[in-house]
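# Remarks on the overall topology
Residue strings, one per chain:
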Amino acid sequence: SELIRGFLLSGMPCPSSCPPGLLALMAPGLALMATFSLPSQAGDRRALPVEKPSGVKGRTLILLDVNTKSPVRIISENFLSLQLDPSIIHDGWLDFLSSRRLVTLARGLAPAFLRFAGKRTDFLQFHNVKNPAKSRGGPGPDYYLKNYEDDIVRSDIALDKQKGCKIAQHPDIMLELQREKAAQMHLVLLKEQFSNTYSNLTLTARSLDKLYNFADCSGLHLIFALNALRRNPNNSWNSSNALSLLKYSASKKYNISWELGNEPNNYRTLIGRSVNGSQLGKDYIQLRSLLQLIRTYSRANLYGPNIGRPRKNVIALLEGFMKVAGSTVDAVTWQHYYIDGRVAKVTDFLKTRLLDTLSDQIKKIQKVVNSYTPGKKIWLEGVGTTSAGGINNLSDSYAAGFLWLNTLGLLASRGIDVVVRHSFLDHGHNHLVDQNFNPLPDYWLSLLYKRLIGPKVLAIHVAGLQRKPRPGRVIRDKLRIYAHCTSYHNHNYVRGSITLYIINLHRSRKKIKLAGTLRDKIVHQYLLQPYGKDGLHSKSVQLNGQPLAMVDDGTLPELKPRPLRAGRTLVIPPLTMSFYVVKNVNALACRYR
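Residues numbered from 1 in each chain as written. Predicted model: local features only at pLDDT ≥ 70, side-chain atom pairs only at ≥ 80, totals over all residues. Heavy atoms only, no water.

- The name an unreviewed UniProt entry gives the chain is HPSE2 protein, with Chordeiles acutipennis as the organism.
- In the Sequence similarities (unreviewed entry) part of its UniProt record, the chain is described as follows: "Belongs to the glycosyl hydrolase 79 family." (UniProt positions renumbered as here; feature names shortened; annotations may be inferred.)

Listed below in structure tokens is the structure:
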């Protein structure tokens, strides 16, 4: 077998009677996610009872092979997508989406969807005016703020003169005043979030123009979530304001997909009355009819219902929705946050139990969807490491990347078509880009994913030797390995190459020997580690020992690999994330799109 042959290739002879744990691993076939234990699908959570060959004392060697004949899943080209929260209207950042630096950063993650939605979706009103400075809200009238508002107007006038993609260069003083304004508004937004009471927001025609310009310039497809809490006396959806927005967007020929509402399971706490799944389904059918009346959107995609965590009452809402409107939507959506942002600490991000909470949710959602509309695409929207806006130096640090990369690997291996990250730029600490427009660790992780990972998911077979775990100490599942065909958009690698991405949550290094079809191939390493003295709390990262930073406002750095000689054992440092491109495998699954 390949695994026994792998032992011979590694230079370690298989014992005279091969270990029963190894033979048990060979029988079930290929696992979608490789962990350093027997497959969880088998229901056995014990560590592999493998004997130690002589001369292999106190070290771990993992033998890894990949099924290269056919993919087990094929996900969307836009699998890793982005979200912007309507709070950027409140705190003023929407006016800066035309920044060359922001557009460059967003363009690096294309192709992707850009979902404009969040907690304030259902308090958003569209107003078809070109907003003058005097109508803007702000922290209070003073000389500097007046100058700031005048600068915004001058910037808007300059943008209006540009044709095609509109890009602005904002002066440093203007950005400094915006950060001061945003800091004051941040306190207001947090108060609303913790009290669960939100003020109304006005989206003007000019603001919508800026939002669409950002998406279009960045190569992102805009998904706009309409306000679902405008209700008629009989609790049906009042579509009058949505129709005004649709007509304006159509007049501008904006290519937009649509949603209705955000977390409908929370409406009772927001407005004192609920909208059940059946009624929400009727509202979606109403929206679909509305879209079909407008030529520009007669074939537009519609997604929903964007429910929250699938507890019992939420599952009931989803079932009611699917009965009525399951065939109306193009994908079924839900969202997930791992940690309560008010209690998180760095060790939370290293818990395998936390990483696995998403798996149970996937099962629940898939069970409902497949019982009503088998084969319907499922998306995870609004995913973030923590709720309540996140925590400074935690949800925006290197440590948060373990959750994010595992989320990407787990969802792809389970056939979830798209995952939408909350948020690209935000008032909290769950974002990919901070308010100085500097990319955070999860941005660089996402950029590597986009550059190296293709939509075809491959099955992995793994076996290994390990020390017996000490009593009470969990060793399983701390090494997570995923495999895809290398991205077709990356012209540094020929078709047929394979990319592995690996999360090592152990506090010791791990060694992986490539076997079978991966044996004796040249490998390119992309090792992402924290940069600086802050360790896991760091907001900067290094790639193969070189710190990552933008070259200038219009240029991302080159992501240089470290070539490893053919047949070399992969050494995975402790508490790290890494990508490995296995070149020239000529994998049948990866040769064609």
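## Section: the packing of aromatic side chains
- This structure, assessed with the given rule, holds 19 aromatic pairs.
- When the centroid spacing of 5.1 Å and the interplanar angle of 85° are considered together, the rings of Y284 and F321 count as edge-to-face. Residue Y284 is found in helix α10 (residues 277-292), and its partner F321 is found in helix α11 (residues 312-325); the two are separated by 37 residues along the sequence.
- With a relative accessible area of 0%, Y284 lands in the buried category.
- You can call F321 buried: its relative accessible area is 0%. (Phe/Tyr/Trp six-rings, centres within 6.5 Å; stacked < 30°, edge-to-face > 60°. Helix = DSSP H or I, 4+ residues; strand = E, 2+ residues; numbered from the N terminus. Buried < 20%, exposed > 50% of the residue type's maximum accessible area, 1.4 Å probe, protein only.)

## Here's the deal with helix α4 (residues 100-107)
- Judged by how many residues are buried, α4 sits mostly within the fold: six of eight residues are covered.
- Buried residues of α4: R101, L102, V103, T104, L105 and A106, and no others.
- Structurally, α4 contributes buried residues whose contacts are with α7 (205-218), β7 (220-226) and α15 (441-452). (Contact = heavy atoms within 4.5 Å.)

## A few points about unusual backbone geometry
- Cis geometry marks the peptide bond from G304 to P305, where omega comes out at 10°.
- Tracing the sequence through the fold places P305 in strand β9 (residues 302-307).
- H422 connects to S423 through a cis peptide bond whose omega is 10°.
- Tracing the sequence through the fold places S423 in the loop between β13 (418-422) and α15.
- With a phi close to 60°, N586 is a non-glycine residue in the positive phi region.
- Relative to the helices and strands, N586 resides in the segment after β24 (576-582).

## Notes on α15
- Compared with the 16 Å implied by 1.5 Å per residue over twelve residues, the 17 Å span of α15 between its first and last C-alpha is a close match.
- A large share of α15 lies buried, amounting to eleven of its twelve residues.
- Every buried residue of α15 is listed here: P441, D442, Y443, W444, L445, S446, L447, L448, Y449, K450 and L452. (Expected span 1.5 Å × (residues − 1).)

## Observations regarding the confidence of the model for the chain
- Predicted confidence across the chain gives a mean pLDDT of 85, with 83% of residues reaching 70 or more.
- Below a pLDDT of 50 lies the segment residues 132-144, which in the model reaches 16 contacts outside its immediate sequence neighbourhood of four places, other chains included.
- For residues 467-475, every residue scores under 50 in pLDDT, and the model assigns this stretch seven contacts once sequence neighbours within four places are set aside. (pLDDT = per-residue confidence, 0-100.)

## Comments concerning the nonpolar core
- One finds F224 and W258 to be the most contacted residues of the largest nonpolar core, which totals 133 residues.
- Among the elements that make up this core, the one with the highest residue count is helix α14 (residues 401-413) (eight residues).
- Leave out the neighbours within four places in its chain, and F224 touches F116, L124, L203, L208, L211, L245, I256, S257, W258 and E259.
- Residues I512, I572, Y580 and V582 belong to the second largest nonpolar core, which totals 26 residues. (Core = buried A, V, L, I, M, F, W, Y, C linked by side-chain atoms within 4.5 Å.)

## Details of the state of the cysteines
- Applying the stated criterion across every chain, the model contains two disulfides.
- Here C165 connects covalently by a disulfide to C217, the sulfurs 1.9 Å from one another. Taken together, the residues span a long stretch of sequence, with C165 in the loop between α5 (143-160) and α6 (172-195) and C217 in helix α7 at a distance of 52 residues.
- We classify C165 as partly exposed; its relative accessible area is 35%.
- Paired through a disulfide, C485 and C590 show a sulfur-sulfur distance of 2.0 Å. Handedness of the C485-C590 disulfide follows from its S-S torsion of about -80°: it is left-handed. In this pair, C485 is assigned in strand β16 (residues 479-486) and C590 in the segment after β24, connecting sequence segments 105 residues apart. An identical accessibility class is assigned to C485 and C590; each is buried. (Disulfide = S-S within 2.5 Å.)

## Focus on the side chain of S538
- Relative to the helices and strands, S538 is located in the loop between β19 (523-530) and β20 (541-543).
- Exposure remark for S538: the relative accessible area of 2% places this residue in the buried category.
- From its side chain, S538 meets the backbone oxygen of Y531 in a polar contact 2.7 Å long.
- A polar contact of 2.9 Å, which involves the side chain of S538, links it to the backbone oxygen of S540. (Polar contact = N/O pair within 3.5 Å; in protein donor to acceptor, adjacent residues only side chain to side chain.)

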